[in-house]
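Working through the structure, step by step
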Amino acid sequence: MVEAPERMLGVRPGGVRLSRVRVVVKSLCLELVPQEAWLALRDQVAAFSVDLGVSIDHVSATTLRSLGEALAALRDDDAEGFWDWLAGFADAESSAWPSALPRMQALVVLLAQLASDSADAVELRGIACLTYLALLGVAGAARAWGTVFQPVVFRTVINELRLLRAARRPTSQGDAELDG
């Protein structure tokens, strides 16, 4: 019997999937997300978009798509390690005294900014929304629900989905009846 590549390298099953998420998340430079942005996000009550003052110029659609795919590929046995790692500070590897937000908060802030601020990049906005939904869908999200689920971000995602649906034009009378 041939062993799986992960076992031959001494990596526990699922370690490759979790490593992929870590690499993509690190490329988002979460250590640059200011703590004030998290506080501003938490204070948002009834907005359809947010301006948290977070730079998003370094984030590409390809990176976000990779993150969404990596999150969707996580299995239940990867979840505990994922949530434990995401709870750590974004600058923990580079500093003995972390000063940045926890990765989880910084990631939610960044996705919120991308989902609502990318006015000229509809694709980026849509991918940010799907990535946020993928994050909510990772097994074990309930343990961090108070941090991960932010009503203003979810409202932005739902609004974006409504806009995408409204943009779809029926091509015939039969389609118009189905849409509703």
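Residues numbered from 1 in each chain as written. Predicted model: local features only at pLDDT ≥ 70, side-chain atom pairs only at ≥ 80, totals over all residues. Heavy atoms only, no water.

1. Things to note about the packing of aromatic side chains
The geometry of an aromatic ring pair is captured by the separation of the ring centres together with the interplanar angle, meaning the angle of the planes. One pass over the full model with this rule turns up three aromatic pairs. Ring plane angle 70 degrees and centroid distance 4.8 Å describe the contact between Phe-82 and Trp-83, whose orientation is recorded as edge-to-face. Across the pair, exposure class does not vary: Phe-82 and Trp-83 are buried alike. For the pair Trp-145 and Phe-149, a centre-to-centre distance of 5.2 Å together with 5 degrees between the ring planes defines the contact as stacked. Ring pairing ties together the aromatic residues Trp-145, Phe-149 and Phe-154, which thus form one cluster. (Phe/Tyr/Trp six-rings, centres within 6.5 Å; stacked < 30°, edge-to-face > 60°. Buried < 20%, exposed > 50% of the residue type's maximum accessible area, 1.4 Å probe, protein only.)

2. Looking at the confidence of the model for the protein chain
Averaged over all residues, the pLDDT of the protein chain equals 80, while 73% of them reach at least 70. Under a pLDDT of 50 for its full length, residues 1–12 has, in the predicted model, 10 contacts with residues more than four places off or in other chains. (pLDDT = per-residue confidence, 0-100. Contact = heavy atoms within 4.5 Å.)

3. Quick word on the packing of helix α2 (residues 15–26) against helix α4 (residues 61–73)
At a closest axis distance of 9 Å, the pairing of α2 and α4 adopts a crossing angle of 155 degrees. It follows from the interaxial angle that α2 and α4 lie roughly antiparallel. Seen along the crossing, α2 lies across α4 with a hand that is left-handed. The segment α2 lies against α4, with Arg-17, Arg-20, Val-21, Val-24 and Val-25 engaging Thr-63, Ser-66, Leu-67, Glu-69, Ala-70, Leu-71 and Ala-73. Among the residues making up the contact of α2 with α4, the classes are represented as seven nonpolar, two polar and three charged. (Axes fitted to C-alpha atoms, helices over the stretch in contact; angles between N-to-C directions. Helix = DSSP H or I, 4+ residues; strand = E, 2+ residues; numbered from the N terminus. Parallel < 35°, antiparallel > 145°, perpendicular 65-115°, else oblique. Left-handed = near helix turned anticlockwise from the far one by under 90°. Nonpolar A, V, L, I, M, F, W, Y, C, P; charged D, E, K, R; others polar.)

4. So, the nonpolar core
Leu-41, Leu-71, Phe-82, Trp-83 and Leu-135 are the most contacted members of the largest nonpolar core, which totals 54 residues. Mapped by element, the contributors of at least two residues to this core are α2, α3 (35–43), α4, α5 (76–86), α6 (103–117), α7 (122–137) and α9 (151–167). Setting aside residues up to four positions removed in sequence, Leu-135 forms contacts with Leu-71, Phe-82, Trp-83, Leu-86, Leu-107, Val-108, Leu-111, Ala-141 and Val-148. (Core = buried A, V, L, I, M, F, W, Y, C linked by side-chain atoms within 4.5 Å.)

5. Focus: unusual backbone geometry
Leaving glycine out, the prevailing phi sign among residues is negative, and the prevailing peptide bond configuration is trans. Positive phi outside glycine occurs at Cys-29, with the angle close to 55 degrees. Its location among the elements puts Cys-29 in the loop between α2 and α3.

6. Considering α7
With 16 residues, α7 should cover 22 Å at 1.5 Å per step; its first-to-last C-alpha distance of 23 Å lies within 8% of that length. Buried within α7 are the following residues: Leu-124, Arg-125, Gly-126, Ile-127, Ala-128, Cys-129, Thr-131, Tyr-132, Ala-134, Leu-135 and Leu-136. (Expected span 1.5 Å × (residues − 1).)

7. Concerning the side chain of Asp-78
One can find Asp-78 in helix α5. Polar side-chain contacts of Asp-78 include one of 2.7 Å to the side chain of Arg-17. (Polar contact = N/O pair within 3.5 Å; in protein donor to acceptor, adjacent residues only side chain to side chain.)

8. Looking at a nonpolar patch on the surface
A cluster of nonpolar side chains, namely Leu-130, Leu-133, Ile-158 and Leu-161, defines an oily patch on the protein surface of about 310 Å² accessible area. Mapped by element, the contributors of at least two residues to the nonpolar patch are α7 and α9. (Patch = residues over 30% accessible without salt bridge, like charges linked within 9 Å, V, L, I, M, F, W, Y side chains within 5 Å. Areas by Shrake-Rupley, 256 points an atom, 1.4 Å probe, with all protein chains shown as cover. Salt bridge = Lys/Arg side-chain N within 4 Å of Asp/Glu carboxyl O.)

9. Description of the packing of α2 against α5
Orientation of α2 relative to α5, taken along the N-to-C sense of each, is 30 degrees, at an axis distance of 10 Å. Judged on the interaxial angle alone, α5 and α2 are roughly parallel. Crossing of α2 over α5 shows right-handed handedness. Here Arg-17, Leu-18, Val-21, Arg-22, Val-25 and Lys-26 of α2 lie close against α5, whose contacting residues are Asp-77, Asp-78, Gly-81, Phe-82 and Trp-85. Partitioned by chemical class, the residues of the contact of α2 with α5 number five nonpolar, one polar and five charged.

10. Digging into the pattern of salt bridges
The tally for this structure, following the rule as stated, stands at five salt bridges. Note that Asp-77 and Arg-17 form a salt bridge whose closest N and O atoms lie 3.8 Å from each other. You can see Asp-77 sitting in helix α5 and its partner Arg-17 sitting in helix α2, a full 60 residues away along the chain. When salt bridges with common partners are traced through the structure, they connect Arg-17, Asp-77 and Asp-78 into a single cluster.

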